[in-house]
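An overview of the molecular structure
The lines below spell out each chain.
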Amino acid sequence: MPMIRECIVTTLNEEGKVHIAPLGLIAEEGGWIIAPFRPSATLDNLGVTPYAVANFTDDVLVFAGCLVGRKDWPTRPSTHVPGAVLEGTLAHAELAVGHVEEDEQRPRFHCRVVHEASHAPFKGFNRAQNAVIEAAILASRVHMLPREKIERELGYLQIAVEKTAGPREHEAWRLLVEKIEDHYKHAPPSG
Ligand SMILES: Cc1cc2nc3c(=O)[nH]c(=O)nc-3n(C[C@H](O)[C@H](O)[C@H](O)COP(=O)(O)O)c2cc1C
């Protein structure tokens, strides 16, 4: 299996408005594959503006925020392709779509790297950040995964949050747990 990097992808719609979404980019020689499930704004945008910016950030509040509908994160224009760089990102890559593998569920946009830049040092691994990313993936799949699996995995991930989180990780965790709990409040009882 190829390596996947979880990052914040920005794309532009036909009016030039920035769209922000957490996506797992698949590594390939000289570039990245963006693989959005249908339907998705990222997918629509790549159809009209075949460029994207991959923002490599350790700010997990952006990941959690996007999942709860908070997408108004500050950006600045990218320099080598039409697009937007997330303020505060550690590094970013500006991408141009080369070819597209069409698929009914999940097309794959093969992108080459046009420009890369680093903005701040990587400060080392943090278990709470990893836990938040895992919880964000669970939160984005509440409709597909069994409730028992989600609650068991959250229980395990919570240990790392309690032991190693800073304020942004705590806040991100809270948003995600609230979103998942809210989903089950409104879902019919299982079994
Ligand atoms: C860490 C992480 C990785 C994700 N990777 C993908 C992905 O590769 N493809 C995808 O369609 N959605 C992925 N998602 C879910 C999207 O962020 C979510 O569906 C988002 O709303 C994309 O749709 P949009 O482009 O309409 O905003 C991921 C979510 C998280 C938290």
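Look above for the structure.
Since the structure is predicted, the reported quantities are computational estimates derived from the model, not experimental observations.

Details of the overall build of the protein
Counting secondary structure elements, the protein contains five helices and eight strands. Going from N to C terminus, the protein has its helices and strands arranged as β-β-β-α-β-α-β-β-β-β-α-α-α. A compact globule built from 191 residues should have a C-alpha radius of gyration of about 16 Å, and the protein, at 17 Å, falls within 12% of that. Per-residue burial over the protein gives 42% buried out of 191 residues. The long-range fraction of contacts in the protein, counting pairs at least 24 apart against all pairs at least 6 apart in sequence, stands at 64%. Here the protein displays about 10800 Å² of accessible surface, and carbon together with sulfur accounts for 53% of that area. For the protein, the separation between the mean place of its 20 positive charges and that of its 26 negative charges on side chains is 4 Å.

Some details on unusual backbone geometry
Arg-38 connects to Pro-39 through a cis peptide bond whose omega is -10°. Structurally, the position occupied by Pro-39 is in the loop between β3 (31-34) and α1 (41-48).

Definitions and limits used
Residues numbered from 1 in each chain as written. Predicted model: local features only at pLDDT ≥ 70, side-chain atom pairs only at ≥ 80, totals over all residues. Heavy atoms only, no water. Helix = DSSP H or I, 4+ residues; strand = E, 2+ residues; numbered from the N terminus. Rg over C-alpha atoms; globule rule 2.2 N^0.38 Å. Buried < 20%, exposed > 50% of the residue type's maximum accessible area, 1.4 Å probe, protein only. Contact = heavy atoms within 4.5 Å. Areas by Shrake-Rupley, 256 points an atom, 1.4 Å probe, with all protein chains shown as cover. Lys, Arg positive; Asp, Glu negative; His and termini not counted. Charge placed at Lys NZ, Arg CZ, Asp CG, Glu CD.

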